[in-house]
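Close look at the chain arrangement
Residues per chain, in single letters:
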Amino acid sequence: MTFKVVSDSFKDGDYLAKDHILSADFGHGCAGGNQSPHLRWSGAPEGTKSFAVTCFDPDAPTGSGFWHWVVINIPASVTELELDAGNPESGKLPKGALQTRTDFGSARYGGSCPPEGDLPHRYFFTVHAVGGDINANADTSAAVIGFQLHFNTLAKSAVMGLFKR
């Protein structure tokens with residue numbers, strides 16, 4: 001079986017709905033709902049100890065992209081994240097899972113909000129089947145998590161959403 005991720009919130013290659021766009025509370029000029037999308041995966045390889053979910057925008061004008069969401073230590077028995085699981089107040093993150101610091105500087109989902117006039121940005125929601133331990137706390141940077149995932153990922157699958165303003 002092939003490791004695969006899908007979303008009930010959007011289809012691969014579609015534009016993200018306003019619900020998943022950064023809210024005005026963050027002060028970057030967007031006015032969305034800032035809800036992380038629903039994600040469901042299947043076909044994890046043997047030896048999977050946990051899952052990690054990342055959302056990355058390679059098109060951000062930073063020279064190094066932009067990390068919008070990082071979740072690690074999702075139990076191997078979990079195969080889905082509900083809509084808005086990235087909101088710490090929602091209580092929807094599975095027990096044992098840990099959100100770590102994004103490029104917004106906080107451990108939570110931060111929605112899409114590219115600069116006005118840019119071409120559409122791509123947002124890759126990637127699920128990693130993890131075979132080793134990821135050592136981190138809520139303040140660990142996405143780069144450090146990415147380094148650890150590089151050496152501990154058994155398989156990964158992504159679904160990509162677009163957004164432009």
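Going by the structure above, here's the rest.
A brief structural summary. (Residues numbered from 1 in each chain as written. Predicted model: local features only at pLDDT ≥ 70, side-chain atom pairs only at ≥ 80, totals over all residues. Heavy atoms only, no water.)

1. A short note on the overall build of the protein chain
Helices and strands together make up the secondary structure of the protein chain, namely one helix and eight strands. Against the globule reference of 15 Å for 165 residues, the protein chain gives a C-alpha radius of gyration of 15 Å, in line with a compact fold. The buried share of the protein chain, reckoned over its 165 residues, is 46%. Pairs at least 24 apart in sequence give 70% of the contacts found in the protein chain among residues at least 6 apart. Summing over all exposed atoms, the protein chain offers an accessible surface of approximately 7900 Å²; the carbon and sulfur share of this is 51%. Taking the 13 positively charged and 17 negatively charged side chains of the protein chain as two groups, their mean positions are separated by 2 Å. (Helix = DSSP H or I, 4+ residues; strand = E, 2+ residues; numbered from the N terminus. Rg over C-alpha atoms; globule rule 2.2 N^0.38 Å. Buried < 20%, exposed > 50% of the residue type's maximum accessible area, 1.4 Å probe, protein only. Contact = heavy atoms within 4.5 Å. Areas by Shrake-Rupley, 256 points an atom, 1.4 Å probe, with all protein chains shown as cover. Lys, Arg positive; Asp, Glu negative; His and termini not counted. Charge placed at Lys NZ, Arg CZ, Asp CG, Glu CD.)

2. Section: the side chain of Ser36
Looking at the secondary structure, you find Ser36 in the loop between strand S1 (4–6) and strand S2 (39–42). At 2.8 Å, the side chain of Ser36 forms a polar contact with the backbone nitrogen of Gly86. Leave out the neighbours within four places in its chain, and Ser36 touches His20, Trp69, Glu82, Leu83, Asp84, Ala85, Gly86 and Tyr109. (Polar contact = N/O pair within 3.5 Å; in protein donor to acceptor, adjacent residues only side chain to side chain.)

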